[in-house]
Amino acid sequence: MEHSEQPSMSGNNFDNSDPVFGQQVQRLHKLTVYGRWIFVACLWLIIAPIALWNLQSEIALWRQYFTWVAVRYGLVYHPLATIGLAFCIAMTASVLVWQSRNILVGLPEQEKQRLEKQVFRIRQQGQSHPLWKWVCQTQREIKD
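This section reports on the structure supplied with the text. Remember, it's a predicted structure, so these values are computed and weren't measured experimentally.

**As for the nonpolar core**
- Formed by Phe21, Val25, Leu28, Leu107, Leu115, Val119, Ile122, Trp132, Val135 and Cys136, the largest nonpolar core amounts to ten residues.
- Those elements that place two or more of their residues in this core are helix H1 (19-54), helix H5 (109-125) and helix H6 (132-135).
- The residues contacting leucine 107, other than those within four sequence positions of it, are His29, Asn102, Lys112 and Leu115.
- In this structure, Ala48, Ala51, Ala81 and Cys88 belong to the second largest nonpolar core, which totals seven residues.

Structure (structure tokens):
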């Protein structure tokens, strides 16, 4: 690895003047966003159907006589299904809030520093790091 590919470090801060380093930090952030949404999708594909299957008899009752009391008692008497659905909803809401905050306000400084440190460690480890291909390789290198 060439020395020019390494970001210079001064204390805990990295030299952000390197445009390639900035692009790599952006790619790592994009991978983090994709990873969180993939995790949420897996929750909805694995846990939610199981939870809904456990509520199958209650859902049939709700379709005939829907009341909020019936929903409440159905969820109270099926705690595992309730926990599963609550976890899916909570994780979806947390990723939505996290991503909305990042879009509207921007990344917090602590999060930027964490991403920069992680990119620096990926660069130091080189091609043996699992994220090297997605973070550090340029499009030109991928096509070759």
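**Thoughts on the environment of glutamine 118**
- In this structure, glutamine 118 sits in helix H5.
- Separated by 90 residues in sequence, glutamine 118 and leucine 28 place their C-alpha atoms 8.5 Å apart.

**Looking at the packing of aromatic side chains**
- Under the counting rule described, the total for this entry stands at two aromatic pairs.
- Taking 5.1 Å as the distance between ring centres and 75° as the angle between the ring planes, the aromatic pair formed by phenylalanine 66 and tryptophan 68 counts as edge-to-face.
- Judged by centre distance (6.1 Å) and plane angle (15°), the rings of tyrosine 73 and tyrosine 77 are stacked.
- Since its relative accessible area comes to 40%, tyrosine 73 is described here as partly exposed.
- One cation-aromatic arrangement involves lysine 133 over tryptophan 134; the distance from NZ or CZ to the ring centre is 4.8 Å.

Definitions and limits used
- Residues numbered from 1 in each chain as written.
- Predicted model: local features only at pLDDT ≥ 70, side-chain atom pairs only at ≥ 80, totals over all residues.
- Heavy atoms only, no water.
- Core = buried A, V, L, I, M, F, W, Y, C linked by side-chain atoms within 4.5 Å.
- Buried < 20%, exposed > 50% of the residue type's maximum accessible area, 1.4 Å probe, protein only.
- Helix = DSSP H or I, 4+ residues; strand = E, 2+ residues; numbered from the N terminus.
- Contact = heavy atoms within 4.5 Å.
- Phe/Tyr/Trp six-rings, centres within 6.5 Å; stacked < 30°, edge-to-face > 60°.
- Lys NZ or Arg CZ within 6 Å of the ring centre and 35° of its normal.

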